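Architecture at a glance
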Amino acid sequence: MHDGNGIQGYEVSRDTEGRVVITPADAPAPEVAGAAEAAPPEATGCHAGGEMEKAARAAGKSEILDRYAADYPKGPHDQPQSMCPAFGSLRVGLRMRRVATILSGSACCVYGLTFVSHFYGARRSVGYVPFNSETLVTGKLFEDIREAVHDIADPAKYDAIVVTNLCVPTASGVPLRLLPDEIDGVRIVGIDVPGFGIPTHAEAKDVLAGAMLAYARREIEAGPVQAPVGGRSDRPTVTLLGEMFPADPMMIGAMLAPLGLAAGPVVPTREWRELYAALDCGAVAAIHPFYTASVREFEHAGRPVIGSAPVGHDGTAAWLAAIGDAFGLPADTVAAAQNAFLPAIRGALASAPIKGRITLSGYEGSELLVARLLIESGAEVPYVGTACPRTPWSAADAEWLAAKGVEVRYRASLEDDLAAMEAFGPDLAIGTTPVVQKAKEAGIPGLYFTNLISARPLMGPAGAGSLGQVVNAAIAGRDRMGKMRAFFEGVGAGDTAGVWEGAPNLRPDFRAQHQKKLDKAAKAAKAEEMI
């Protein structure tokens with residue numbers, strides 16, 4: 001993999017700030033740290049922008065698309081490389097008690113979203129308002145949506161109904177803003193979640209969480225609201241922003257207790273009245289740093305927002321100090337809390353050391369936090385890629401990692417992640433499904449970030465030793481991966497994969513003909529763009 005001049009097939013250099021930059025040979029340098037670049041105009045598909053975004057703007061959706069562009073800046077790809085973004089907002093709604101969900105979109109999209117939602121444990125129905133060309137063009141679709149909302153708005157069953165426009169209704173300008181704000185006391189929250197406006201499903205969670213917080217904030221400003229089920233805390237609270245492993249909020253609460261503080265609700269919340277408690281906090285901890293719309297609502301409510309998280313030794317020390325500053329606590333009080341937990345964290349890290357080189361990537365938003373934990377556990381982590389954008393609330397983590405010589409790439413593409421894996425030749429690749437698949441094909445152990453890494457505690461002493469066992473077990477399996485690769489050697493790959501009685505019929509002439517069509521379409525689109 002390595003040659004005398006660097007890495008075969010790749011050029012490795014450093015930018016003006018000394019960070020490693022990996023570039024495929026004979027290819028333009030990739031964008032680093034979230035810089036945006038428009039997708040090619042020939043991109044097609046329901047989530048590829050282009051003509052659909054133009055249609056949406058022509059149909060009156062410019063304001064919301066401009067807001068999304070500011071909140072969720074795009075990267076090298078202006079279309080999602082992970083699952084449909086709407087899965088994120090759908091997941092948030094389905095996890096809330098007494099909240100109904102209605103989707104408006106193409107039937108194939110709705111089928112896929114509901115399938116994935118139930119695969120991940122949803123236990124309730126998803127409403128669907130179908131449409132055809134006639135109802136879409138004449139405006140009948142909006143009338144059908146309004147009728148569906150009125151039909152299910154039962155205050156005995158629901159606190160709120162979430163209505164979501166997918167790509168086609170958004171591009172057609174279906175005006176969910178014209179739905180009533182409430183029906184018989186049931187709140188109506190309408191959101192547009194097009195793939196051509198929301199880069200990742202993680203950020204789609206913020207679209208719905210932000211919309212709900214905005215609604216709840218208006219309710220609070222209008223008068224008294226419901227108290228939390230367990231009543232208001234007798235101590236100032238810190239609202240936690242971002243989905244976490246269930247043990248993490250409890251661990252954070254334990255670390256806040258010596259400061260005289262308590263952990264508030266986790267946003268996205270599990271029921272509507274928790275939104276009021278979330279806004280009724282002393283400060284907000286942006287554990288996941290991409291919740292831009294939600295942060296805006298907290299800032300409108302006058303709440304300070306703190307970045308990073310109590311992860312590992314250094315992260316916990318800095319985070320507790322930031323919390324103390326936000327609440328104006330005495331330095332000795334903060335030091336006492338640090339002294340109560342930092343030795344335990346240091347001990348947990350020492351008891352579960354990790355030895356090996358690891359490349360890390362994902363689209364959950366916690367990638368930088370996990371990288372910090374791996375490094376403090378002893379691992380070498382030369383590259384971290386996240387599909388999420390650079391925000392002020394991940395700056396401390398990025399700076400810490402950069403000081404350790406880590407290349408941090410925001411809005412990382414699949415191509416970035418694969419190039420890093422091939423370039424650095426890790427002992428373990430942690431990433432998305434295609435990264436792990438590619439790693440195993442190359443005989444490199446791989447772990448799926450979402451199911452095997454983010455589904456573990458990360459905060460405080462509990463998180464400090466949580467990764468050692470699974471990571472070390474995976475690294476130790478490299479010899480087994482080599483044996484498996486040797487066993488399947490020669491069975492083919494790609495079009496020739498599997499067992500064939502004869503030679504596979506590849507038809508390169510068909511491929512060449514199709515490529516000519518693509519090239520012709522690209523030239524035509526480029527010419528039209530110049531006009």
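Residues numbered from 1 in each chain as written. Predicted model: local features only at pLDDT ≥ 70, side-chain atom pairs only at ≥ 80, totals over all residues. Heavy atoms only, no water.

Concerning the overall build of the chain
Regarding its fold elements, the chain presents 21 helices and 18 strands. Counting the 531 residues in the chain, one finds 49% classified as buried. Residue pairs at least 24 apart in sequence account for 73% of intrachain contacts in the chain once pairs closer than 6 positions are excluded. A total of about 24300 Å² of accessible surface is found on the chain, and carbon and sulfur atoms cover 55% of it. (Helix = DSSP H or I, 4+ residues; strand = E, 2+ residues; numbered from the N terminus. Buried < 20%, exposed > 50% of the residue type's maximum accessible area, 1.4 Å probe, protein only. Contact = heavy atoms within 4.5 Å. Areas by Shrake-Rupley, 256 points an atom, 1.4 Å probe, with all protein chains shown as cover.)

Topic: a nonpolar patch on the surface
There is a patch of nonpolar side chains on the surface, built from Tyr111, Phe115, Phe119 and Tyr120 and spanning about 500 Å² of accessible area. Following the sequence through the fold, Phe119 ends up in helix α3 (residues 107-119). Its relative accessible area of 61% is what places Phe119 among the exposed residues. (Patch = residues over 30% accessible without salt bridge, like charges linked within 9 Å, V, L, I, M, F, W, Y side chains within 5 Å. Salt bridge = Lys/Arg side-chain N within 4 Å of Asp/Glu carboxyl O.)

What to know about helix α11 (residues 312-327)
Along an α-helix, residues three or four apart share an orientation, since each turn contains 3.6 residues. Between its terminal C-alpha atoms α11 stretches 22 Å, which fits the 22 Å expected from 16 residues at 1.5 Å a residue. Of the residues trailing α11, Gly328 is marked for its positive phi of about 65°. (Expected span 1.5 Å × (residues − 1).)

What about the confidence of the model for the chain?
Close reading of the predicted structure is inappropriate where its pLDDT is low. Mean pLDDT over the chain: 88, with 89% of residues reaching 70 or higher. Counted against residues more than four places away or in other chains, residues 1-10, with its pLDDT under 50, gives 19 contacts. Contacts from residues 24-44, a stretch scored under 50 in pLDDT, to residues over four places away or in other chains number 36 contacts. (pLDDT = per-residue confidence, 0-100.)

Notes on the packing of aromatic side chains
Evaluation of the coordinates by the stated rule reveals four aromatic pairs. Where Tyr215 meets Trp272, the ring centres are 5.6 Å apart and the plane angle is 85°; that geometry is what we call edge-to-face. Remark: Trp272 occurs in the loop between β11 (262-267) and α9 (273-279) and Tyr215 occurs in helix α7 (residues 201-222); sequence separation between them is 57 residues. Here Tyr215 falls in the buried class, since its relative accessible area comes to 10%. Centroid distance Phe290 to Tyr291: 4.7 Å. Interplanar angle 25°. Geometry classified as stacked. In this pair, the class of Phe290 matches that of Tyr291, namely buried. Positioned above the aromatic ring of Tyr215, the side-chain terminus of Arg218 is 5.3 Å from the ring centre. (Phe/Tyr/Trp six-rings, centres within 6.5 Å; stacked < 30°, edge-to-face > 60°. Lys NZ or Arg CZ within 6 Å of the ring centre and 35° of its normal.)

Notes on the sheet that holds strand β18 (residues 446-448)
With parallel pairing, five strands are arranged side by side in an open sheet as β16-β15-β14-β17-β18. The sheet is open, and its two borders are formed by β16 (407-410) and β18, each paired with just one other strand. Across the sheet, the mean angle separating the axes of adjacent strands is 10° when strand polarity is ignored. When strand β17 (residues 428-431) meets β18, the two strands line up parallel, connected through three bridges. Note that in β18 the partner of Ala429 across the bridge is Gly446. Packed on one face of the sheet, helix α15 (residues 414-424) meets β14 (357-362), β15 (380-386), β16 and β17 and runs near 170° to β15. (Pairing = 2+ DSSP bridges. Axes fitted to C-alpha atoms, helices over the stretch in contact; angles between N-to-C directions.)

Concerning the packing of α7 against helix α10 (residues 292-300)
At a minimum axis separation of 7 Å, α7 and α10 run at an interaxial angle of 20°. One element, α7, and the other, α10, form an angle in the roughly parallel class. In the crossing of α7 with α10, the sense of the turn from one axis to the other is left-handed. Residues Asp206, Ala209, Gly210, Leu213, Ala214 and Arg217 of α7 touch α10, and the partners they reach there are Thr292, Ala293, Ser294, Glu297, Phe298 and His300. Along the lines of polarity and charge, the residues of the contact of α7 with α10 split into five nonpolar, four polar and three charged. (Parallel < 35°, antiparallel > 145°, perpendicular 65-115°, else oblique. Left-handed = near helix turned anticlockwise from the far one by under 90°. Nonpolar A, V, L, I, M, F, W, Y, C, P; charged D, E, K, R; others polar.)

Describing empty space enclosed by the protein
Evaluated as defined, the whole model comprises three cavities of 30 Å³ or more. Within this model, the largest cavity holds a volume of roughly 60 Å³. Along the walls of the largest cavity sit Pro289, Phe290, Gly365, Glu367, Leu368, Thr386, Cys388, Pro389, Ser394 and Tyr410, which together make up its complete lining. Taken together, the residues that form the lining of the largest cavity break down as six nonpolar, three polar and one charged. (1 Å grid on protein atoms, 1.4 Å probe; cavity = no way out; pocket = protein on both sides within 12 Å on 5 of 7 lines; lining within 4 Å. Points joined across faces, edges and corners; volume = space filled by probe spheres on them.)

Examining the pairing of strand β5 (residues 99-104)
The buried count for β5 comes to six of six residues, which makes it a mostly enclosed element. Here β5 shows no split at all, with Val99, Thr101 and Leu103 on one side and Ala100, Ile102 and Ser104 on the other all buried. Where β5 and strand β6 (residues 127-128) come together, two bridges link them in parallel fashion. Within the sheet, the bridge partner assigned to Ile102 lies in β6 and is Gly127. Following the backbone out of β5, through α3 and into the adjacent parallel β6, one traces a crossover that is right-handed. (Right-handed = clockwise from strand over helix to strand, strands pointing away.)

Considerations on the environment of Asp144
Take Asp144: it is sitting in helix α5 (residues 140-152). The class for Asp144 is buried, based on a relative accessible area of 17%.

A short note on the packing of helix α2 (residues 86-94) against α3
Between α2 and α3, the least distance of the axes is 10 Å, while the angle of their chain directions is 50°. Of the possible angle classes, the one that applies to α2 and α3 is oblique. Between α2 and α3 lies a crossing of right-handed hand. Taking contact as the criterion, the partners of Ala86, Phe87, Leu90 and Leu94 in α2 are, on α3, Leu113, Val116 and Ser117. When the residues that make up the contact of α2 with α3 are grouped by side-chain class, the tally is six nonpolar, one polar and no charged.

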